[in-house]
Amino acid sequence: FSLDAQRERLLSYCRARRWEVAKVYREDGFSGRDTKRPAYQEMIAERDSWDTLLVLKMDRIHRNTRHFMEMMEGLGEANKDFVSATESLDTTTAMGRFVMDIIQRIAQLESEQIGERVYIGMSQKAKTGPGVLGFPAPLGYEGVEGNLRVNDREAPVVREIFEEALAGRTMGEISKNLNGRGIRTKRRKEWTAVKE
């Protein structure tokens, strides 16, 4: 499901149960494996403002059993409920907690198996060559028939960045200079400086 479709299903679930929605926390472009997701951290910090955490499926919130169990322990200590809309689980019963634990372990297994398959596929691709291993071509290059080739339009920007860095300019100064001249990243966004 798209994020919009997930949101609509959850709102429909709340309407059906006559629940008031305190807030919608939306994670865009983050994996369920990562606990440092901005919206997730915000949700945990604001748990005094809601009573029940509702998700479409458990693997939408966590794909790691330890992280999930730590979250559940924290919710329990704060007297908060957890509901999975599609898995119909009730954390207030021993059976509900047991079933939730089993489902979460299956989700983690699936996630780890996907990671193993991706690793095997990339390893095989590296051995048989040529090609780009699962990432978009970096600035200054383009993918052509599975190989990286210098992009003549972008290459001067890359050279300029290196020259400016060698001249002692900070990443902030370089970013500001590029943005000020209307030069954008490969994804057509403004440049941002990494922590210096």
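Residues numbered from 1 in each chain as written. Predicted model: local features only at pLDDT ≥ 70, side-chain atom pairs only at ≥ 80, totals over all residues. Heavy atoms only, no water.

### Remarks on the overall build of the protein chain
Spelled out, the test is: The numbering of helices and of strands both runs from the N terminus, where a helix is a DSSP run of H or I of at least 4 residues and a strand a run of E of at least 2. The cut-offs for exposure are 20% and 50% of the maximum accessible area for each residue type, with area from a 1.4 Å probe on protein chains only; residues under the lower value are buried, those over the upper are exposed, and the others partly exposed. Between two residues, a contact is recorded if the distance between any of their heavy atoms is within 4.5 Å.
Scanning the protein chain for helices and strands turns up six helices and five strands. In sequence order, the secondary structure elements of the protein chain are arranged as α-α-β-α-β-β-α-β-β-α-α. Counting every position in the protein chain, which comprises 196 residues, the buried fraction comes to 29%. Across the protein chain, the fraction of contacts at a sequence separation of at least 24, relative to all contacts at a separation of at least 6, is 45%.

### Concerning the pairing of strand S1 (residues 52-55)
Worth spelling out the cut-off: Following DSSP output, two strands are said to pair if at least two bridges run between them. Seen with the strands pointing away from the viewer, any crossover whose path from the first strand over the helix to the second strand runs clockwise is right-handed.
Pairing of S1 with strand S2 (residues 81-84), which is carried by four bridges, proceeds in the parallel orientation. Looking across to S2, one finds that Leu 54 is bridged to Val 83. Handedness of the crossover joining S1 and S2 through helix H3 (residues 65-77): right-handed.

### Things to note about a nonpolar patch on the surface
The line we're drawing: A patch consists of residues exposed above 30% relative accessible area that lack any salt bridge, with like charges linked at up to 9 Å and nonpolar side chains (Val, Leu, Ile, Met, Phe, Trp, Tyr) linked at up to 5 Å. Here, Shrake-Rupley sampling with a 1.4 Å probe gives the accessible areas, and only protein chains in the shown set may cover a residue. The salt bridge criterion pairs a side-chain nitrogen of Lys or Arg with a carboxyl oxygen of Asp or Glu, the two atoms within 4 Å.
Together, Met 95, Phe 98, Ile 102 and Ile 106 give the surface a local cluster of nonpolar side chains, amounting to about 420 Å² of exposed area. Its place among the elements puts Met 95 in helix H4 (residues 94-128).

### Here we look at helix H5 (residues 155-166)
For the record, the criterion: Expected helix span is computed as 1.5 Å times (number of residues minus one).
The end-to-end C-alpha distance of H5, which contains twelve residues, comes to 17 Å, matching closely the 16 Å that a straight helix rising 1.5 Å per residue would cover. Restricting attention to buried positions, one finds in H5 the residues Ala 155, Val 157, Glu 160 and Ile 161. Elements in contact with the buried residues of H5: strand S5 (147-150) and helix H6 (171-180). Note on H5: the residue one or two positions beyond its end, Gly 168, has a positive phi of about 100°.

### Remarks on the nonpolar core
Using the following cut-off: In this text, buried Ala, Val, Leu, Ile, Met, Phe, Trp, Tyr and Cys residues form a nonpolar core when linked through side-chain atoms within 4.5 Å.
Of all hydrophobic cores here, the largest spans 16 residues; its most connected members are Leu 53, Ile 61, Phe 68, Met 71 and Phe 82. Within the residue set of this core, elements represented by two or more residues are helix H2 (38-45), S1 and H3. For this core, the leading source of residues is H3, giving four residues. In this structure Leu 53 touches Met 43, Ile 61, Met 71, Leu 75, Asp 81, Phe 82 and Val 83, once residues within four positions along its chain are discounted.

### Regarding H2
The test is simple: Note that the arc is defined by the directions from the helix axis to the C-beta atoms.
Turning to H2, its buried residues number three or more, namely Ala 39, Tyr 40 and Met 43. Viewed end-on, H2 has its buried residues packed into an arc of 100°, placing them on one side of the element. For H2, the elements touching its buried residues are S1 and H3.

### Looking at the confidence of the model for the protein chain
The line we're drawing: Confidence of the predictor in every single residue is expressed as pLDDT, which spans 0 to 100.
With 89% of its residues at a pLDDT of at least 70, the protein chain reaches an overall mean of 83. When pLDDT is averaged over each element of the protein chain, H5 comes out on top at 93 and strand S3 (residues 89-90) at the bottom at 72.

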